[in-house]
Amino acid sequence: MNKTKRKRLPYYFMLPSLALLLGVYLIPFVYSIFISLTDWSGIGMDMNFVGLGNYIALFRENHFLEVLRNNIIYLIELVGVQFVVSLVLAAVLNASFRGRNLFRAVYFMPTVICTIAIGFIWNIMFDPINGPIKTILESLGLTELSKIMWLGNTTTAIHAVSFVSVWQWTGWSMVIYLAGMQSIDKSLYEAAEIDGANALQKFFRITLPLLAPSITINLVNSTIGALKIFDLPFIMTSGGPGHATESLAMMMYTYSFGLDKMGYGTAISILLVVVILIISGIQTVVLRKKEDEVL
Amino acid sequence: MKDKRKMIYFLRYVILIIGSIVILYPFSILFITAFKTQKEYLMSAVSLPEHWSLSNFKEVFESTNIFLSFFNSVIIMVAALVIQIFCGALTAYALTKMKFKKAGKYTILFLLPMIIPIQSLVIPLYLIYTKIGLLDTRTGLVIIYAATGLPLVIFMLTSFMKTIPIQISESAKVEGAGEFIIFSRLVLPLLKPVVATITVISGLSIWNDFFMPMIMISDPDKKTLPLKIYDFMGQYTSNWPLICVCILLVIIPILVLYCFMQRYIIDGVVAGSVKG
């Protein structure tokens, strides 16, 4: 084998991967930036360059601002609630007792099932006529609460969808926290016990700081998940009532494929990427810094 | 002290059992609803069916070809995984075992797509696919899935290959074997544990994806399982027991698999996430 051939060999090995990523990521990304600067409908050749017109128009539109607000609510609830619940469950599971693996398997189960199915199951649960949640609340004597149409009014719908998403994904973060907790050196706890630390002190002074890497992974994951949320509100409420549960990804979908405004739709998708980059970028930097302080 | 221990022990089980009920109860509602008649469901969603009859299942099997969708899902997932692992392993081998200057830069380059959600590229992909005739094909989906999982696969394989001692490749080279032969005969078989992890993480996300097939596939014969459920919901808006049957049929295989392999699946998810 001659020398130039040898030099090229690594590139031949990487060629299939490079081709795939070029075709599915780079070309579409450049293409979508281009479309977002036009007023193209998606059909025909009629296409005018409008510069940043689509982006400016978006921020002037109440619909978009409402959807943006919804995504912020999803972000806060999915990331925050899931963080607390999964951490508590992991702490409770982090001991040796009978049935531990069984509980872990049960909590993780919803994550292996497709979100479409989960959404429909919860639509039955929330059924306002005779659904299980209504029936349970009635039998507990909470008649006022049982009359609420959880998915049917603008104040509760988004929180109900958030709840289901947390219900589905808590097990995922939990197993990562649990694995992190199990890698913590037991002697640290023994030393703390000798110093007279109680369970809460041990949790906040030892467990939590040493979990920093797992916390970073989970927070970044659930942030991205919350920002691109689509399946669950799409199935449970189709974004309604009104636009109360609509997410950015759903709005992008409706504009591009329902309303034939490709330029507008791609502008939303580019904004979605930018928001994800900024937020997860900040998170990674801040959390990594915290990790370094601890370790 | 002993009382306190007992209390904690007791409290732990109370919390865990309440949590398990919250997780399992909705599934039990799905299960009983699948056996009810429409009339029974309208009377009460929580009561048990009067007869455990399979007539709903019969109706679903007669009205839709769920096996075809199952086949589509399997084919698409397997093909995408094979491409991912093959391309990923080649790349990881080049990055770790073939000495070239820009290896470090390329390693970062391959990770970049991880931060872009594929949903945001669906419009240009749709337009490109329309032009080159990949719209409404299984191949089109396979290509997208192969690419979306690739960065994580490359990352996991690179970190694993770094742990394989380089001497293997060096000594084989002395004997005159070409790089591709070394790669396929010596390196590929060593990758089994990572391949298992990749199959779990990447496979699950492909299997459960709804967004891509919804945009790309309209031919009923090419639909995947999540899309089938969605179609069924549109077709039987008023008959929820039938939709429950459809969902049950879709999730039973994965639940059975999960029951037997939960330890490996959970370990795979942890391994993949912690490294990624």
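Structural data are supplied above this passage.
Summarised in this report is the structure supplied together with it. Each residue is numbered by its place in its chain's sequence as written, counting from 1. All chains are assigned letters beginning at A, and all ligands numbers beginning at 1, according to the order in which they are written. Where totals are concerned, whole chains, interfaces and linings use all residues; where local detail is concerned, this predicted model gives features only for residues with pLDDT of at least 70, and gives and counts side-chain atom pairs only at 80 or more. In computing side-chain properties, one takes all heavy atoms of the structure into account and sets aside hydrogens as well as water.

1. Regarding the interface of chain B and chain A
This is how it is decided: Note on contacts: a residue pair is in contact if any heavy atoms of the two residues lie within 4.5 Å. Accessible area that two parts lose when put together, with a 1.4 Å probe and added across both, is what the buried area reports. In what follows, salt bridge is the name for a side-chain nitrogen of Lys or Arg lying within 4 Å of a carboxyl oxygen of Asp or Glu. By the criterion applied in these results, polar contacts are pairs of N or O atoms within 3.5 Å in which, for protein atoms, one can donate a hydrogen and the other can accept it, and in which residues neighboring in sequence qualify only through two side-chain atoms.
Facing 89 residues of chain B, the contacting portion of chain A comprises 77 residues. Summed over both partners, the interface of chain B with chain A buries about 7700 Å², with 81% contributed by carbon and sulfur atoms. Linking chain B to chain A there are zero salt bridges. At the boundary of chain B and chain A, one finds 14 residue pairs in polar contact (both at pLDDT 80 or more).

2. Let's talk about the nonpolar core
Rule in force here: The nonpolar core is taken to be a set of buried Ala, Val, Leu, Ile, Met, Phe, Trp, Tyr and Cys residues, with the residues joined through side-chain atoms within 4.5 Å. Each residue gets one of three labels from its accessible area relative to the maximum for its type: buried under 20%, exposed over 50%, partly exposed in between, using a 1.4 Å probe on protein chains only. Strands here are runs of E lasting at least two residues and helices are runs of H or I lasting at least four, both read from the DSSP assignment and numbered beginning at the N terminus.
Within the largest apolar cluster, 183 residues are counted, with the highest numbers of intra-cluster contacts made by Phe108(A), Ile113(A), Trp122(A), Met212(B), Met216(B), Ile247(B) and Ile251(B). In terms of residues, this core owes the most to one element, helix 13 (residues 240-275) of chain B, which gives 17 residues. Contact partners of Trp122(A), with chain neighbours within four places excluded, come to Ile133(A), Phe163(A), Val164(A), Trp167(A), Met236(A) and Pro26(B).

3. Description of empty space enclosed by the protein
Residue and element names in this part refer to chain B. So the rule is basically this: Cavity means a closed set of points on a 1 Å grid over the protein atoms alone, one where a 1.4 Å probe fits but cannot get out, pocket means an open set with protein on both sides within 12 Å along at least 5 of 7 lines, and lining means a residue has an atom within 4 Å of a point. Grid points are joined across faces, edges and corners, and a volume is the space filled by probe spheres set on the points. Throughout this entry, Asp, Glu, Lys and Arg are counted as charged residues, while Ala, Val, Leu, Ile, Met, Phe, Trp, Tyr, Cys and Pro are counted as nonpolar. The remaining residues, Gly among them, count as polar.
Following the criterion strictly, the structure yields three cavities of 30 Å³ or more and no others. Of the voids in this model, the largest cavity is the one considered here, and its volume is about 50 Å³. Looking at the largest cavity, the residues that line it are Ser73, Ile76, Met77, Tyr145, Ile206, Trp207, Asp209, Thr224 and Pro226. For the lining of the largest cavity, the elements supplying multiple residues, two or more each, are helix 4 (66-97) and helix 10 (192-207). It is helix 4 that provides the largest number of residues to the lining of the largest cavity, a total of three residues. Considered class by class, the residues forming the lining of the largest cavity number six nonpolar, two polar and one charged. In this structure, the second largest cavity occupies an estimated 40 Å³ of space. The set of elements that each furnish at least two residues to the lining of the second largest cavity consists of helix 12 (225-235) and helix 13. With three residues, helix 13 is the single largest residue contributor to the lining of the second largest cavity.

4. Side note on the packing of aromatic side chains
Where we set the bar: We call Phe, Tyr and Trp rings a pair once their centres come within 6.5 Å, taking the six-membered ring for Trp, and we label the pair stacked below 30 degrees between planes, edge-to-face above 60, and tilted otherwise. Lysine and arginine charges are scored as sitting over a ring when NZ or CZ, respectively, is within 6 Å of the ring centre and within 35 degrees of the ring normal.
Counting across every chain of the model gives 40 aromatic pairs over all chains. Note on Phe13(A) and Phe183(B): the rings are 6.0 Å apart at their centroids and 80° apart in plane angle, and the pair reads as edge-to-face. Taken as a pair, Phe13(A) in helix 1 (residues 3-36) and Phe183(B) in helix 9 (residues 179-187) lie in two separate chains rather than in one. Accessibility assignment for this pair places Phe13(A) and Phe183(B) in one class, buried. Judged by centre distance (6.3 Å) and plane angle (25°), the ring pair of Phe108(A) and Tyr258(B) falls under stacked. You can see Phe108(A) sitting in helix 4 (residues 100-108) and its partner Tyr258(B) sitting in helix 13, one on each of two chains. Like Tyr258(B), Phe108(A) is buried. One aromatic cluster is present, built from ring pairs that chain together Phe230(A), Phe234(A), Tyr253(A), Phe257(A), Tyr126(B), Phe210(B), Phe211(B) and Tyr230(B). In this structure, Lys261(A) packs its charged tip against the face of Tyr264(A), placed 5.3 Å from the ring centre.

Everything listed here is a matter of geometry and, on its own, says nothing about what the molecule does.
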